[in-house]
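If you want the building blocks of each chain, they are given just below.
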Amino acid sequence: MGHFFWSVLLRDLTLAGRRRSDWLIAVFFFVMVSSLFPLGVGPEPELLKRIGPGVLWVAATLASLLSLSRLFEDDHRDGSLEQMVLSPASTVQLVLGKAAAHWLVYGIPLLLIAPVLGIQFNLPSDAIVVLVVSLLMGTPILSLLGAAGAALTLGLRGGVLLTLLILPLYIPALIFGAGAVDGVMAGTGAEAHLSLLGAFLLVSLLVAPWIAAASLRVSLE
Amino acid sequence: MNFYHYASPSTFYHLAGKVIPWAAWTAAILTVVGLYIGFFVAPTDFQQGEAYRIIFIHVPAAWMGMLIYLAMAFWGAIGLAFNARLPFLMMRALVPTGAMFTFVALWTGAAWGKPMWGAWWVWDARLTSTLILLFLYIGTVALWSAIDDVKRSDRAGALLTLIGVINVPIIYFSVIWWNTLHQGSTVSFTHAPKMATTMLQGMMIMTLAAWAYAIAVALVRVRRLILERERKTEWVNEILSEGS
Amino acid sequence: MEWASWSDFWDMGGRGFFVWISYGVTAVAVLAEIVWLRRAASQSRSRLVRMQQWDSQEESNQ
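Thresholds, definitions, all that
Counting from 1, residues in each chain are numbered in the order their sequence is written. Here chains are named by letter from A upward and ligands by number from 1 upward, in the order in which they appear as written. It should be noted that, the model being predicted, local features are given only for residues of pLDDT at least 70 and side-chain atom pairs only at 80 or more, the latter also being counted only at that level, while totals for whole chains, interfaces and linings use all residues. Numbering of helices and strands runs from the N terminus; a helix is a DSSP stretch of H or I covering at least four residues, while a strand is a stretch of E covering at least two. Both definitions apply: the radius of gyration is a C-alpha atom measure, and the globule rule equals 2.2 Å times residues to the power 0.38. Three exposure classes are used, all based on how many other C-beta atoms lie within 10 Å of a residue's own C-beta (placed from the backbone): buried at 20 or more, exposed at 12 or fewer, and partly exposed between those limits. Two residues form a contact once the distance between their C-beta atoms, set from the backbone, is within 7 Å. Note on residue categories: nonpolar means Ala, Val, Leu, Ile, Met, Phe, Trp, Tyr, Cys or Pro, charged means Asp, Glu, Lys or Arg, and polar means any other residue, Gly included. In this description, a nonpolar core means buried residues of the types Ala, Val, Leu, Ile, Met, Phe, Trp, Tyr and Cys, linked to one another by C-beta atoms lying within 7 Å. Here the expected span of a helix is defined as 1.5 Å times the quantity of residues minus one. In this analysis the local bend is the angle between axes fitted, respectively, to the seven residues ending at and the seven residues starting at the residue. Only the contacting stretch of a helix is used when fitting its axis, a line to C-alpha atoms as for every element, and angles between N-to-C directions run 0 to 180 degrees. Here roughly perpendicular refers to angles of 65 to 115 degrees, roughly parallel to angles under 35, roughly antiparallel to angles over 145, and oblique to all remaining angles. Left-handed describes a crossing whose near helix is turned anticlockwise from the far helix through less than a right angle; right-handed describes the clockwise counterpart. pLDDT expresses, on a scale from 0 to 100, how confident the predictor is about each individual residue.

What follows is about the overall build of chain A. When its secondary structure is counted, chain A shows 9 helices and 0 strands. For chain A, the succession of helices and strands along the chain, N to C, is α-α-α-α-α-α-α-α-α. Taken against the 2.2 N^0.38 rule, which gives 17 Å for 221 residues, the C-alpha radius of gyration of chain A at 18 Å falls within 12% of a compact globule. Principal-axis analysis of the C-alpha atoms places the extent of chain A at approximately 55 × 35 × 30 Å. The burial tally for chain A puts 50% of its 221 residues in the buried class.

Below, the structure is given as structure tokens:
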């Protein structure tokens, strides 16, 4: 990975470090949304175990999406985004750096709290492990697809638009990720799901940064 | 055939004007023939009785919804690659028809599912994929409406459709995967009954009819869009002055 | 396919409701699209003609 990628990544991490509250809000959102489901469907352990993987995956997705519309916002507002895109430095590395920073700040904390929520949903320990592994692969996909979405919706009012655009594209990750946890609980195993999830991650890595870079240029013209 | 010649809006405008009546009449005639076959030639189905006749609309609509999205992605890619205006107009002209067919596919899917399997909605792989396709259409329209600048709007929509089209096979595969795992119901549109030749013929003809219809409608729309976008040019001014 | 009578045809082996709401809604959707198309074309046309007249007035005023 190039020099520019690392400098963008470190810069974003430093900036995020100064605004401590943001990633905490995402974590709280994850916890709260997950907790709504037992309140909505009832607390029977078997039911919660059944819906747990799907619910936690959806909640993690939404929590992660919250922060995506602002991915380029601050830099856009003070003009530094335009500088960076116009400069000879690689826009693709810029996008990758930002997506990586987003994942580290907003994705990883979700992984850390997921086991606790898994216990709330009565998931057995091997399922919780697979849940964390699947989220570990799913959250970077979301950061990557979300970067493309954020680039397309740069400067537009209404953060919901980004969510609307990205969610359908993210569905395969949801299916494979939640399916992996289901597979472990059903005894059929998670390998197939996780491999497919990994393949989707690979495809996202190959496609999303370039589309995001092109979208940034289109949005900034 | 000089490709760039047809990329000029005025040439395309007049060419489209000539194609539209042909496409429209083809659509009308094929529809009549297709419906005739569907209702008066194709026999009663052994398993599904008469309700299966919905497929003469459901399947063509589903295919067209999908095909039109691919066409949109194609035109978007051409517009981005050649930096031309016309392909983006073609994209915009196709969207309402594509969304309409997708909606019809969902509606007829529900109407077929209810008598067959007792539920208005079943999470069958194909119906679910069609629903997601509708979300993609809506997303593209939402993005277009949110952007004021026309050039940015065109390109953003094209990029979104490109990322969508790359994703569509993945989404379709994942939904089939999901569906085969959750074998709760034995419902599947993919396990359609073995079809008599006449049934297949009817379906094919209706699909061609839908295709001709889509071409006619998209060309009508694109002509209007061309007039709007190119209104400052002389050839458009002449057309408007003629008041025809 | 031989239908014994028109009422048999409409009945569609008891599934008439489903068959006809399918074809019905499709017909409505197609007609609506065509009607919308024509209205949009004529509205757009008259708006463009108006704008053309304003433009030429502006030019003659300058």
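Bringing the overall build of chain C into the picture now. If you tally the helices and strands in chain C, you get 2 helices and 0 strands. Computed over C-alpha atoms, the radius of gyration of chain C comes to 24 Å, more than 25% over the 11 Å expected from 2.2 N^0.38 for 62 residues, which places it beyond the range of a compact globule. Seen through its principal axes, chain C has C-alpha atoms that stretch 75 × 20 × 15 Å. When each of the 62 residues of chain C is scored for burial, the buried share is 10%.

A few words on the interface of chain A and chain B. At the junction of the two partners, chain A supplies 23 residues and chain B supplies 25 residues. Counting only elements with at least two residues in the side of chain A that touches chain B, the list comes to helix 7 (125-152), helix 8 (160-186) and helix 9 (191-220) of chain A. Its residues assigned to classes, the side of chain A that touches chain B comprises 18 nonpolar, 4 polar and 1 charged.

Before going further, it helps to spend a moment on the interface of chain B and chain C. In this complex, chain B contributes 30 residues to the contact, which on the side of chain C involves 21 residues. Of all the secondary structure elements, the ones that give two or more residues to the side of chain B that touches chain C are helix 2 (9-41), helix 4 (86-117), helix 7 (197-229) and helix 8 (234-242) of chain B. Among the elements that line the side of chain B that touches chain C, the one with the most residues is helix 4 of chain B, at 11 residues. For the side of chain B that touches chain C, the per-class residue count stands at 19 nonpolar, 4 polar and 7 charged.

With respect to the helices and strands, the residue Phe17(C) is situated in helix 2 (residues 16-61). Looking at Phe17(C), the number of C-beta atoms within 10 Å reads 14, which means it is partly exposed.

Another point: the nonpolar core. The biggest cluster of nonpolar side chains holds 155 residues, and the ones touching the most others in it are Ala147(A) and Leu159(B). In this view, Ala147(A) contacts Leu71(A), Val95(A), Lys98(A), Ala99(A), Ala208(A) and Ala212(A); residues no more than four positions away in its chain are not counted.

This next bit is on helix 4 of chain B. Residues and elements named next belong to chain B. Over its 32 residues, helix 4 runs 46 Å from end to end, which matches the ideal 46 Å to within 8%, given 1.5 Å per residue. Bending of helix 4 peaks at approximately 30 degrees at the position of Val95, with proline Pro96 no more than four residues after it. Of the residues one or two after helix 4, Gly118 is the one with positive phi, at around 85 degrees.

The next thing to look at is unusual backbone geometry. All names here are of chain A. Non-glycine residue Asn122 carries a positive phi angle of around 70 degrees. Note on placement: Asn122 falls in the loop between helix 6 (91-120) and helix 7. C-beta crowding within 10 Å serves as the criterion here: with 17 such atoms nearby, Asn122 is assigned to the partly exposed category.

When the 2 pairs of chains in contact are ranked by number of contacts, first place goes to chains B and C. Separated without contact, chain A and chain C have their nearest C-alpha atoms at a distance of 25 Å.

Between two packed helices, both the angle of their axes relative to each other and the distance between the axes serve to describe the pair. All names here are of chain B. Across the interface, helix 3 (residues 55-82) lies against helix 4 with an axial gap of 7 Å and an inter-helix angle of 160 degrees. The pairing of helix 3 with helix 4 is recorded here as roughly antiparallel in orientation. Two packed elements cross with a definite hand, and for helix 3 against helix 4 that hand is left-handed. Across the contact of helix 3 with helix 4, the residue classes break down as 20 nonpolar, 9 polar and no charged.

On to the packing of helix 2 of chain B against helix 7 of chain B, then. Residues and elements named next belong to chain B. Interhelical geometry of helix 2 versus helix 7 gives an angle of 155 degrees and a closest axis separation of 7 Å. Classified by the angle their axes make, helix 2 and helix 7 are roughly antiparallel. Our pair here, helix 2 against helix 7, has a crossing hand that is left-handed.

This next bit is on the confidence of the model for chain C. When pLDDT is averaged across chain C, the result is 88; 100% of the residues are at 70 or more. Model confidence for the complex: the whole-complex pTM is 0.89, and ipTM, which rates the interface, is 0.87.

What follows deals with the confidence of the model for chain A. Of all residues in chain A, 100% attain a pLDDT of 70 or more, and the chain-wide mean is 92. Across chain A, the element-wise mean pLDDT spans from 88 in helix 4 (residues 73-77) of chain A up to 95 in helix 7 of chain A.

We now examine the environment of Asp182(A). On the secondary structure map, Asp182(A) appears in helix 8. Separated by 137 residues in the primary sequence, Asp182(A) and Pro45(A) have C-alpha atoms spaced 15 Å apart.

Across its 28 residues, helix 3 of chain B extends 40 Å between first and last C-alpha, which sits within 8% of the 40 Å expected from 1.5 Å per residue. Positioned one or two residues after helix 3 of chain B, Asn83(B) has a phi angle of 55 degrees, which is positive.

What follows covers the environment of Pro60(B). Tracing the backbone through its elements, the reader meets Pro60(B) in helix 3. For Pro60(B) and Thr31(B), which are 29 residues apart along the polypeptide, the C-alpha to C-alpha distance reads 11 Å.

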